[in-house]
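Structure assessment
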Amino acid sequence: MDVSYLLDGLNDAQRTAVSAPSGSYLILAGAGSGKTRVLTNSIAWLIKTENVSPYSVLAVTFTNKAAAEMRSRIELLLGMPVRGMWVGTFHGIAHRLLRAHWKDANLPQNFQIIDSDDQLRLVKRIIKSLELDEKKWPARQAVGFINSHKDEGLRPKNIEDYGDLYTKTHLDIYRAYEEACQRGGMVDFAEMLLRAHELWLNNPLLLKHYQERFSHLLVDEFQDTNSIQYAWIRVLAGDKDNILVVGDDDQSIYGWRGAKIENIQKFSTDFPNSEMIRLEQNYRSTGTILKAANGLITQNVGRLGKELWTDKGDGDSINLYAAFNEIDEARYIVARIKDWNTQGNNFKEAAVLYRSNAQSRVLEEAFLRAQIPYRIYGGQRFFDRLEIRNALAYMRLISHRDADASFERVINMPTRGIGDKSVQMIRSLARGNDISMWQAARNIVASTAMTARARNAIQIFLDLIEAMDDGTKENDLVGLCEIVIKQTGLKEYYAKEKGEKGQARLENLEELISAARTFDPEPDFSADEADEKAEPITALDEFLSHAALEAGESQSDPNQDSVQMMTLHSAKGLEFPLVFLSGLEDGLFPHQMSTEEPGRLEEERRLCYVGITRAMKELYLTYAETRRINGSETYNRISRFVNEIPSELVQEVRMSNIVTKPVRQVGARRSKVLSGDVDGTDLKLGQRIKHSKFGEGVVVNYEGQGKQARIQVNFDDEGSKWLMLAYAPLLPLD
DNA sequence: AGTCCCCCCATTTTT
DNA sequence: TGGGGGGACT
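This text gives an overview of the structure that appears in the document. (Residues numbered from 1 in each chain as written. Chains lettered and ligands numbered in written order. Predicted model: local features only at pLDDT ≥ 70, side-chain atom pairs only at ≥ 80, totals over all residues. Heavy atoms only, no water.)

To continue, consider the pattern of salt bridges. Overall, the coordinates contain 42 salt bridges when judged by the stated rule. Among the ionic pairs, Arg 175 bridges to Asp 172, the shortest N-O distance being 3.2 Å. Note that Arg 175 and Asp 172 are positioned in helix α7 (residues 165-184) at a spacing of 3 residues, about one turn of the helix. Residue classification places Arg 175 among the partly exposed residues on the basis of a relative accessible area of 40%. For Arg 605, the salt bridge goes to Glu 644, with nearest N and O atoms at 2.7 Å. (Salt bridge = Lys/Arg side-chain N within 4 Å of Asp/Glu carboxyl O. Helix = DSSP H or I, 4+ residues; strand = E, 2+ residues; numbered from the N terminus. Buried < 20%, exposed > 50% of the residue type's maximum accessible area, 1.4 Å probe, protein only.)

What follows deals with the protein's contact with DNA strand B. If you check the shell around DNA strand B, you find 27 residues, and the closest are Arg 355, Asn 357, Arg 381, Thr 567 and Arg 600. Counting only atoms of DNA strand B within 4 Å of the protein, the sugar-phosphate share comes to 49%. Thr 567 places a polar side-chain atom, nitrogen or oxygen, 2.7 Å from a phosphate oxygen of DNA strand B. Residue Asn 630 places a side-chain N or O atom 3.3 Å away from a base nitrogen belonging to DNA strand B. Here the surface near DNA strand B is composed, by residue class, of 7 nonpolar, 15 polar and 5 charged. (Near = heavy atom within 4 Å. Polar contact = N/O pair within 3.5 Å; in protein donor to acceptor, adjacent residues only side chain to side chain. Nonpolar A, V, L, I, M, F, W, Y, C, P; charged D, E, K, R; others polar.)

With that settled, the discussion passes to the packing of helix α6 (residues 139-151) against α7. Running from amino to carboxyl end, α6 crosses α7 at an angle of 80°, the nearest separation of the two axes being 10 Å. The pairing of α6 with α7 is recorded here as roughly perpendicular in orientation. Across from Gln 141, Ala 142, Phe 145, Ile 146, His 149 and Lys 150 in α6, the residues of α7 making contact are Tyr 166, Thr 167, His 170, Leu 171, Ile 173, Tyr 174 and Tyr 177. Looking at the contact of α6 with α7, its residues break down into 8 nonpolar, 4 polar and 1 charged. (Axes fitted to C-alpha atoms, helices over the stretch in contact; angles between N-to-C directions. Parallel < 35°, antiparallel > 145°, perpendicular 65-115°, else oblique. Contact = heavy atoms within 4.5 Å.)

Moving on: the sheet that holds strand β1 (residues 25-29). Ordered in space as β3-β2-β6-β7-β1-β8, the 6 strands form an open sheet in which the pairing is parallel. Edge positions in the sheet fall to β3 (86-89) and β8 (275-279), since each has one partner strand and no second. Averaged over neighbouring strand pairs, the angle between their axes works out to 15° when direction is ignored. Examined bridge by bridge, strand β6 (residues 216-219) and strand β7 (residues 243-247) share 3 bridges and lie parallel to one another. Within the sheet, the bridge partner assigned to Val 219 lies in β7 and is Val 245. (Pairing = 2+ DSSP bridges.)

What follows deals with the protein's contact with DNA strand C. Neighbouring DNA strand C are the residues Arg 361, Arg 628, Asn 630 and Gly 631. The contact atoms of DNA strand C, taken as those within 4 Å of the protein, divide so that sugar and phosphate hold 47%. Separating a phosphate oxygen of DNA strand C from a side-chain N or O atom of Arg 361 is a distance of 3.0 Å. At 3.4 Å, a backbone N or O of Asn 630 approaches a base nitrogen of DNA strand C. Of the residues that constitute the surface near DNA strand C, the class distribution is no nonpolar, 2 polar and 2 charged.

With that settled, consider the packing of aromatic side chains. In total, this model carries 23 aromatic pairs according to the counting rule given. A ring pair is formed by Phe 519 and Phe 543, whose centres lie 5.2 Å apart and whose planes are at 70°; its orientation type is edge-to-face. Separated by 24 residues along the polypeptide, Phe 519 in the loop between α22 (499-518) and α23 (539-549) and Phe 543 in helix α23 bring together distant segments of the chain. In terms of burial, Phe 519 and Phe 543 fall into one category: buried. Ring pairing ties together the aromatic residues Phe 62, Trp 86, Phe 90, Trp 200, Tyr 210, Phe 214 and Trp 232, which thus form one cluster. Here the basic side chain of Arg 401 rests over the ring of Trp 438, its NZ or CZ set 5.1 Å away from the ring centre. (Phe/Tyr/Trp six-rings, centres within 6.5 Å; stacked < 30°, edge-to-face > 60°. Lys NZ or Arg CZ within 6 Å of the ring centre and 35° of its normal.)

This part takes up the side chain of Asn 508. Secondary-structure assignment places Asn 508 in helix α22. For Asn 508, a relative accessible area of 14% gives the class buried. Apart from the residues within four sequence positions on either side, Asn 508 is in contact with Phe 382, Arg 385, Glu 387 and Ile 388.

In this structure, the amide linkage connecting Met 413 to the following residue, Pro 414, adopts the cis form with an omega of -5°. By the element assignment, Pro 414 lies in the loop between α16 (404-410) and α17 (420-433). For the bond from Phe 589 to Pro 590, the omega torsion is 5°, close enough to zero to count as cis. Tracing the chain through its elements places Pro 590 in the loop between β13 (576-581) and α25 (598-612).

Those residues of helix α14 (residues 360-370) that sit buried are Ser 360, Leu 363, Ala 366 and Phe 367. What you see down the axis of α14 is that its buried residues fit within an arc of 125°, all on one side. The outward face of α14, more than 90 degrees from its buried face, is lined by the exposed residues Arg 361, Leu 368 and Arg 369. Looking at the buried positions of α14, the neighbouring elements they touch are α13 (326-342), β10 (350-354), β11 (374-376) and β12 (563-567). Of the residues one or two after α14, Gln 371 is the one with positive phi, at around 55°. (Arc of directions from axis to C-beta.)

Now the structure itself:
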């Protein structure tokens, strides 16, 4: 059998990786080094040459998109569908295991996935029921406490409070939350992973079965695994030493959500027979861009080590633009993109990256004004929209009457005269008798509690759900969607909503129907897997799980030629011929909140590294000497990261012929147009100075000329002061 | 039940 | 600057 096509066009390191014999490997794959290709080809290689059955392969990724892409590329390489192969996200695979082995996992068969929003609502309710001060114990923080401990594999019983009130209170919340979840058969995202891990630990036979089945394990984006994910895969790997992980420690940017860069750093210790293969040849960027990236990232300590190179030429210099303010920065970027387009390039080849979402606004305005099409990544995803969540909650309630979270969500949505008091009563009755809210509501209706009017309203709601459920028997998923949207009154409700918003919501509801129409139950979920004894699941339940696990299609239209705008985080994995890294100011990037601890600063640096390595041909760095952040003017110094890029690679763009007239804020005093330079001196706005008496500070404003010139300085210790320039004993610091 | 107003807050995001 | 949440008012 000729398998040479699996190696064609690969470099030595890639070939080594693809054709590696059985064993454990850490593929350190630099940005743009052909990682995905190596991963897919090596799976194809295993199947083609080593006679490994697809049935024995487990490949794990982080996003559904990556999983889908991997599967389709492997099928393309093999020229056939690979049904038995497990390719999916950690959560998707955990979910599948729990569905199949719900008993062993100590879950009810019809357990439900709750997403972050459901989780937050539930925790809020719990905090209330524990009679804690909601101001003092914000639900978000409690959710953070719960999730981060779950990510570490810690149950309440594993956590010690050492008499600390903060920990103690959160533990109480955690415990109550766990109870509520267990009672309602609800599983949050972190819980899925934790349960899947416990499934291994508590069921040695089951574990053994899967260990034998999956002879080959592969993990993508290994640097992003958290403790529980790594623990899960490690247990599954057992001691057969046959695991291939791909990742890049220099692109680990998700530490703040539990990812452990240590996992990749200690892989070689955990798997002592493993081999490390470095993919350092880059096929994306120019030499200059790579040198910049390398120069920057060497500032980090404890790296596994890697230096990107290319056999292409150096290419153009990196451009650095010092904007006067954020508006000027946006204008500059727009102007460059206009040039780019005039030279015959597409808008969609250009990307503007920023550290925080708030920065997109000014950019957006500039693009709007220049009438350049743009697209902003991120924002709310389809299944997260309010109207969709409401419709789904109805569907969940139809499927599972005891889904309390859904019950509460829709009992009075749209309003049908069931007020807070009624809901509270139902809730406490349910809690008191350890029954579902649905059951409690039924009991109330049959009793003489509450007014007849309230009982009647509840009865109508109960009847509505029952009636729709009857409909499920004659209708398929699409039919049910239609019924839900109409009969619940959601459609009517949103139709009445004023403005475009209501219209958009209606369209989304229609979109939900088409999502149901195109919904394709995972083909091999319950097929031919005797070992899983998978119970049949209704199409409705599958659809609901799908909605919880998948964000919904990205609404992007790839045919549209528009400038791409996104945060640095969302840019990971993408590439663009022309890239702008904007807002390169200390305090913004690296972000103020990440500058204290060295570890976090390093993550910011890696984020910058990710940004730089997105660029294929041209890279622009921009910063603003003054920027409005959260309503107040700030004066930041240029990002330290810029200074960590070898200066010979960087070309500073002068303000020269383009007159950058800064726009004064309405209502600002002092009319003089600020040029950025304080007349007749080498002082600039934003510059740090030292005053012999007041200490160090930053120049924030100035007025007057010559002998009359005064400057305003924000001193670190003394606050803001106006000083006569002619007399003030100042020393510029930068 | 819906609207208004005030206060508070403020990275990054996938499942 | 602005968005979200909570409380008070109509």
